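Read off the chains here:
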Amino acid sequence: MEFVPPTLVHRVLCADCGTPIEPNSANLCIPCLRNSVDITEGIPKSASVSFCRNCDRFLSPPTTWTIAQPESRELLAICLKKLKGLNRVRLVDAGFIWTEPHSKRLRIKLTIQKEVFTSTIIEQVFEVEYVVQHGQCPDCTKLAAKNTWQSVLQVRQKVPHKRTFLFLEQLILKHNAHKDTISIKEVKDGLDFFYASETHAQKMVDFLSSVVPVQVVRSAQLISKDTHSNTANYKFTHSVTIIPICKEDLVCIPAKQARSLSNISPLTICSRVGNSIHLLDPSTLQESDVTSPVFWREPFDALASVTDLVEFIVLDIEPSGLTHGKHVLADAEVAPSSSFMSSSNNKNSDMDMDMDSHHGSLDTTYHTRTHLGGILQPGDTVMGYYLTRSNFNSPAFESLDPSRIPDVILVKKSYPNRRKKSKQRDWKLKSIAKEAEDGAGMNEGSGYGRGALGRRGGLDQKRVERDYEIFLQSIEEDKEMRSAINLYKGKSRTAATEPAGDVAMGRPNKDSKKKPKAQFAMEVDEHSAAAAPSEDGNREEGNEADFPDVQLDELLDDFEEMGLQEEDEE
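Conventions used here
- Residues numbered from 1 in each chain as written.
- Predicted model: local features only at pLDDT ≥ 70, side-chain atom pairs only at ≥ 80, totals over all residues.
- Heavy atoms only, no water.
- UniProt positions renumbered as here; feature names shortened; annotations may be inferred.
- Helix = DSSP H or I, 4+ residues; strand = E, 2+ residues; numbered from the N terminus.
- Contact = heavy atoms within 4.5 Å.
- Expected span 1.5 Å × (residues − 1).
- Buried < 20%, exposed > 50% of the residue type's maximum accessible area, 1.4 Å probe, protein only.
- Pairing = 2+ DSSP bridges.
- pLDDT = per-residue confidence, 0-100.
- Disulfide = S-S within 2.5 Å.
- Axes fitted to C-alpha atoms, helices over the stretch in contact; angles between N-to-C directions.
- Parallel < 35°, antiparallel > 145°, perpendicular 65-115°, else oblique.
- Left-handed = near helix turned anticlockwise from the far one by under 90°.
- Salt bridge = Lys/Arg side-chain N within 4 Å of Asp/Glu carboxyl O.
- Nonpolar A, V, L, I, M, F, W, Y, C, P; charged D, E, K, R; others polar.
- Core = buried A, V, L, I, M, F, W, Y, C linked by side-chain atoms within 4.5 Å.
- Phe/Tyr/Trp six-rings, centres within 6.5 Å; stacked < 30°, edge-to-face > 60°.

An unreviewed UniProt entry lists the chain under the name 60S ribosomal export protein NMD3, from Serendipita vermifera MAFF 305830. According to the UniProt record, the Sequence similarities (unreviewed entry) comment for the chain reads "Belongs to the NMD3 family."

Below, the structure written as structure tokens:
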């Protein structure tokens, strides 16, 4: 094997320290080269970033405000844009150095390279510190000022209750349809949504049209005009009117219009409300959909609503065999539940007996056809409209043949034993933070109310609480309705030993700590965590086996409340 001598490497002495090095164009070793040349010159070692605390966004130069999480790639890109001189070097690596969240400081470690002499490249690592400066973005500045909106969306429904807006509020929260809203004001018959852009208002109109039957009227008001540049400033108003027909309402359609709707019976009930109303004839199971254009061509009102329902006891029921979806046609024999009440259980029994003796015997029973044959059994309690003892001021109802008007129309099954027990609900709802009209209706010391409840001081509080309790009961008894909204775990699910506080009127505990809310903060409705106790609440009652309980897998975790608890523990 032939010996190959190694290649001879020529070395020279460093011009500064005299260390033997390989020859280079500078004739300097690496430490001396770094001491003599600073490639970070011209790059600031400290800078600042602007942060809006109301909407949690950072300013991305020059004018864009971006949502960025701590130590995210978006925030790193914003920080690098703030540095001048990075275009003269090559950026090799960049990353965050951990800092305290409350320090208002961001530290970034940068690795850069630069060619200082011919074929001589230096790599250097250094840190840059950013100071987080709090300010307001233009959108939040408009929010803080008054009369800065460009478009307003006025949603109205001419009904004596607010259950439609309670359900609509939950749909808005689930789909986050209010994210572009500047502010929300509650008025007598509905809500007003204010927007800084006409496009955002149109998106909300499209959302409402997809979930409820509405009629939209758009108008514009000229604010200012520049004749030199031919530009004008307008304020737009969208008037959105919801059809005044709600679920489980009794409806009497004019005969001519009923013939055009697949020749359905004029006397129907509203079984469901989507982007159209679904009418059901309980005696034949015939259904018909009424869209918004068809309704407003010949509008009609509801004869009775849920508050007019009367409780009946099912004595006998016999299915006829006809089915349509979940509805089963059956012949039922019912009697008013007041006929079975004794004076010890009903304080107003003398009044009821006088009323019954005026209209007939206490043992009066009624035969009717119902669509609830699949869920009713003898002995069950059912809610229905008592047409025999009702007086309606409706020309369409007066034109009906009296022999074809049923004595009773059954609407839904009821669970009185479960309602009598003072049982806490283990779920809760959230509410959008909004303003009351002219500042009215805000409780002292408790902030805003429950939202969309028609807060008018203490003049109508009982009706408000009754409508909200009916809404909560509808959520419990209707699985399809629960699937359309978000339910959150209550305190009994998360912490059974934690005191519930003042939940009787939907107010938080006075001793509890409150955190300032952000721009689109949502209120948690604590009233939904507890049911109002009744007079028979302490008495043991049998539970209905088929009561539609809210299952655990239908509930979501309230991460905002979990975050507050963690801060309190720290």
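Now, onward.
Asker: Give a detailed account of the overall build of the chain, specifying residues and quantitative values.
Answerer: Along its length, the chain carries 14 helices and 28 strands. Of the contacts made within the chain by residues no fewer than 6 positions apart, 67% connect residues no fewer than 24 positions apart.

Asker: Any chance you could break down helix α11 (residues 461-477) for me, citing the residues and the numbers?
Answerer: Taking 1.5 Å per residue, 17 residues should reach 24 Å; α11 reaches 24 Å between its end C-alpha atoms and fits that length. Taken together, the buried positions of α11 are V464, E465, D467, Y468, E469, I470, F471, L472, S474, I475 and E476.

Asker: I'd like to hear about the pairing of strand β9 (residues 151-156), residue by residue, with values.
Answerer: Judged by how many residues are buried, β9 sits mostly within the fold: 5 of 6 residues are covered. Relative to strand β11 (residues 190-195), β9 runs antiparallel, the two sharing 6 bridges. In the sheet register, Q154 faces β11, and the bridge partner there is D192. Where β9 and strand β13 (residues 231-242) come together, 6 bridges link them in parallel fashion. Paired with V155 across the two strands is V240, which belongs to β13.

Asker: Any details on the confidence of the model for the chain? Residues and values, ideally.
Answerer: Per-residue pLDDT for the chain has a mean of 79; in total, 78% of the residues score no lower than 70. Below a pLDDT of 50 lies the segment residues 526-542, which in the model reaches 41 contacts outside its immediate sequence neighbourhood of four places, other chains included. With pLDDT under 50 throughout, residues 563-570 is counted as low confidence; its partners more than four residues away or in other chains account for 4 contacts.

Asker: Hey, could you go over the state of the cysteines for me, with residue numbers and the actual values?
Answerer: Considering all chains together, one arrives at 0 disulfides under this definition. Its sulfur unpaired, C140 is 3.3 Å from the next cysteine sulfur, which belongs to C137.

Asker: Just give me the short version of unusual backbone geometry, but keep the residues and values in it.
Answerer: Cis geometry marks the peptide bond from P61 to P62, where omega comes out at 5 degrees. For P62, the location among the structural elements is in the loop between β4 (57-60) and β5 (64-67). A positive phi angle, close to 60 degrees, is found at D56, a residue other than glycine. Mapping D56 onto the fold places it in the loop between β3 (46-52) and β4.

Asker: Describe the packing of helix α4 (residues 163-175) against helix α5 (residues 198-211), listing the residues and the values that go with them.
Answerer: Two measures define how a pair of helices packs: the angle their axes make with one another and the distance between the axes. The geometry of α4 relative to α5 is characterised by a closest axis approach of 12 Å and an angle of 120 degrees between their N-to-C directions. If you check the angle between α4 and α5, you find them oblique. The element α4 and its partner α5 pack so that their crossing is right-handed. In this structure, α4 uses L168, L171, I172 and H175 to contact α5, whose residues at the interface are M204, F207, L208 and V211.

Asker: Outline the sheet that holds strand β23 (residues 408-414), listing residues and values.
Answerer: Judged by pairing direction, the sheet is antiparallel, and its 5 strands sit side by side in the order β21-β20-β19-β22-β23 without closing on themselves. Two strands lie at the open edges of the sheet, namely β21 (366-370) and β23, each paired on one side alone. Across the sheet, the axes of successive neighbouring strands diverge by a mean angle of 40 degrees, strand direction being ignored. Pairing analysis gives 9 bridges linking strand β19 (residues 310-324) to strand β20 (residues 327-336), with the strands arranged antiparallel. Across the sheet, residue T323 finds its bridge partner in β20, namely V328.

Asker: Go over the pattern of salt bridges with me, naming the residues and quoting the values.
Answerer: The full count for this structure, using the stated rule, is 9 salt bridges. A salt bridge links R107 to E127; the shortest N-O distance between them is 2.7 Å. Separated by 20 residues along the polypeptide, R107 in strand β7 (residues 105-117) and E127 in strand β8 (residues 120-135) bring together distant segments of the chain. With a closest N to O distance of 3.2 Å, D331 and R369 form a salt bridge. With D331 in strand β20 and R369 in strand β21, this pair connects stretches of sequence that are 38 residues apart. Since its relative accessible area comes to 44%, R369 is described here as partly exposed.

Asker: Outline the packing of α4 against α11, listing residues and values.
Answerer: Where α4 meets α11, the axes come as close as 9 Å, and the angle between the chain directions of the two elements is 50 degrees. Relative to α11, the element α4 lies oblique. Considering only the axes of α4 and α11, their crossing is right-handed. Counted together, R163, L166, F167 and Q170 of α4 and D467, Y468, I470 and F471 of α11 form the full contact between these two elements. Here the residues of the contact of α4 with α11 sort into 5 nonpolar, 1 polar and 2 charged.

Asker: Any details on the nonpolar core? Residues and values, ideally.
Answerer: By size, the foremost hydrophobic cluster in this structure holds 34 residues, and its most contacted members are L153, V155, L168, F193 and L429. Residue assignment for this core shows that the elements contributing at least two residues are β9, α4, β11, α5, β13, β24 (427-432) and α11. Non-local contacts of L153, meaning those with residues more than four positions away in its chain, are made with L191, D192, F193, Y195, M204, V205, L208, H238 and V240.

Asker: Would you mind going over helix α2 (residues 73-81) in detail, with residue names and values included?
Answerer: Buried residues of α2: L75, L76, I78, C79 and L80, and no others. Buried residues belonging to α2 abut β3, β4, β5, β6 (90-97), β7 and β8.

Asker: With reference to specific residues and values, describe the packing of aromatic side chains.
Answerer: If you walk through the whole model with that rule in mind, you get 9 aromatic pairs. Both rings, one in F312 and one in Y386, keep their centres 5.2 Å apart while their planes meet at 70 degrees; by these two values the pair is edge-to-face. With a gap of 74 residues between them, F312 in strand β19 and Y386 in strand β22 (residues 381-386) connect regions that are remote in the sequence. Y386 shares its class with F312; the two are buried.

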